[in-house]
Amino acid sequence: DAGITQSPRHKVTETGTPVTLRCHQTENHRYMYWYRQDPGHGLRLIHYSYGVKDTDKGEVSDGYSVSRSKTEDFLLTLESATSSQTSVYFCAIRGTSTNEKLFFGSGTQLSVL
Amino acid sequence: QQQVKQSPQSLIVQKGGISIINCAYENTAFDYFPWYQQFPGKGPALLIAIRPDVSEKKEGRFTISFNKSAKQFSLHIMDSQPGDSATYFCAAYNNNDMRFGAGTRLTVKP
């Protein structure tokens with residue numbers, strides 16, 4: 001999966017607890033993204049980063065925060081998980097501003113009970 | 001409001017047949033239209049893509065047809081094989097904004 005590692009692969013948590021998902025890349029790509037995948041909705045962008053400490057909101061950012069302190073790591077945090085955040089989360093990377101190709105990780109299945 | 005509408009939700013095709021998946025978009029600023037293929041337990045992978053200055057692009061058994069005036073594009077899979085069974089997503093991109101369709105689950109029966 002293009003040098004992208006997501007961890008954990010599966011997580012079950014309780015409503016109200018904080019959760020952090022990690023995306024690690026070995027491609028030295030500038031752009032990193034967090035998407036969620038839900039039946040009937042395809043993939044929806046949560047947040048993205050265009051460089052270290054440079055991030056911006058996506059289509060469904062409410063309830064999520066991100067951080068990128070190193071080029072290779074992009075963290076997604078659910079401050080207080082809710083059942084509506086049960087989903088499969090995908091990290092993606094992109095090389096340059098002129099190359100639109102996204103490469104995806106294998107995903108994290110998150111269940112919030 | 002979904003900016004990229006994809007149909008059908010699911011599709012069953014016999015081996016050797018043609019699979020057709022359709023997408024429509026609203027925002028005329030989109031300038032790159034990829035198709036992604038996803039197998040169970042895996043992330044989506046880029047299959048083929050087209051830009052709006054071209055009406056058709058073919059790569060092996062996979063063809064994208066693009067109609068700029070109708071704001072529609074479609075994926076055709078010729079000689080469909082059981083190994084093509086997967087979920088397919090169309091997408092539209094502009095300025096760091098990639099919008100995906102809801103996906104089509106394709107099953108190719110042997």
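Look a little higher up for the structure.
Heads up: these notes are all about the structure in this document. For clarity, every value in this text was computed on a predicted model and none was experimentally measured. (Residues numbered from 1 in each chain as written. Chains lettered and ligands numbered in written order. Predicted model: local features only at pLDDT ≥ 70, side-chain atom pairs only at ≥ 80, totals over all residues. Heavy atoms only, no water.)

**What to know about the overall build of chain A**
1) Next: On a plain count of helices and strands, chain A comes out with zero helices and 11 strands.
2) Next: Listed by position from the N terminus, the elements making up chain A come as β-β-β-β-β-β-β-β-β-β-β.
3) Next: Its C-alpha atoms give chain A a radius of gyration of 13 Å, within 12% of the compact-globule value 13 Å for 113 residues.
4) Next: For chain A, with 113 residues in total, the buried portion stands at 46%.
5) Next: Residue pairs at least 24 apart in sequence account for 55% of intrachain contacts in chain A once pairs closer than 6 positions are excluded.
6) Next: Surface exposure of chain A reaches about 5,200 Å², of which carbon and sulfur atoms provide 48%. (Helix = DSSP H or I, 4+ residues; strand = E, 2+ residues; numbered from the N terminus. Rg over C-alpha atoms; globule rule 2.2 N^0.38 Å. Buried < 20%, exposed > 50% of the residue type's maximum accessible area, 1.4 Å probe, protein only. Contact = heavy atoms within 4.5 Å. Areas by Shrake-Rupley, 256 points an atom, 1.4 Å probe, with all protein chains shown as cover.)

**Points about the interface of chain B and chain A**
1) Next: Contact with chain B, which involves 18 residues of that partner, is made by 19 residues of chain A.
2) Next: Between chain B and chain A the total buried area reaches about 1,600 Å² when both faces are included, carbon and sulfur atoms providing 50% of it.
3) Next: Sorting the residues of chain B by area buried against chain A places Pro44, Asn96 and Phe100 of chain B first, and these three jointly supply 32% of that buried surface.
4) Next: For the pair chain B and chain A, the interface holds two salt bridges.
5) Next: Linking Glu100 of chain A and Arg51 of chain B is a salt bridge whose minimum nitrogen-to-oxygen distance equals 2.8 Å.
6) Next: Across the chain B-chain A interface, the total number found is seven residue pairs in polar contact (both at pLDDT 80 or more).
7) Next: Elements represented by at least two residues in the side of chain B that touches chain A include exactly β4 (33-38), β9 (86-94) and β10 (97-100) of chain B. (Buried area = accessible area lost by both parts, 1.4 Å probe. Salt bridge = Lys/Arg side-chain N within 4 Å of Asp/Glu carboxyl O. Polar contact = N/O pair within 3.5 Å; in protein donor to acceptor, adjacent residues only side chain to side chain.)

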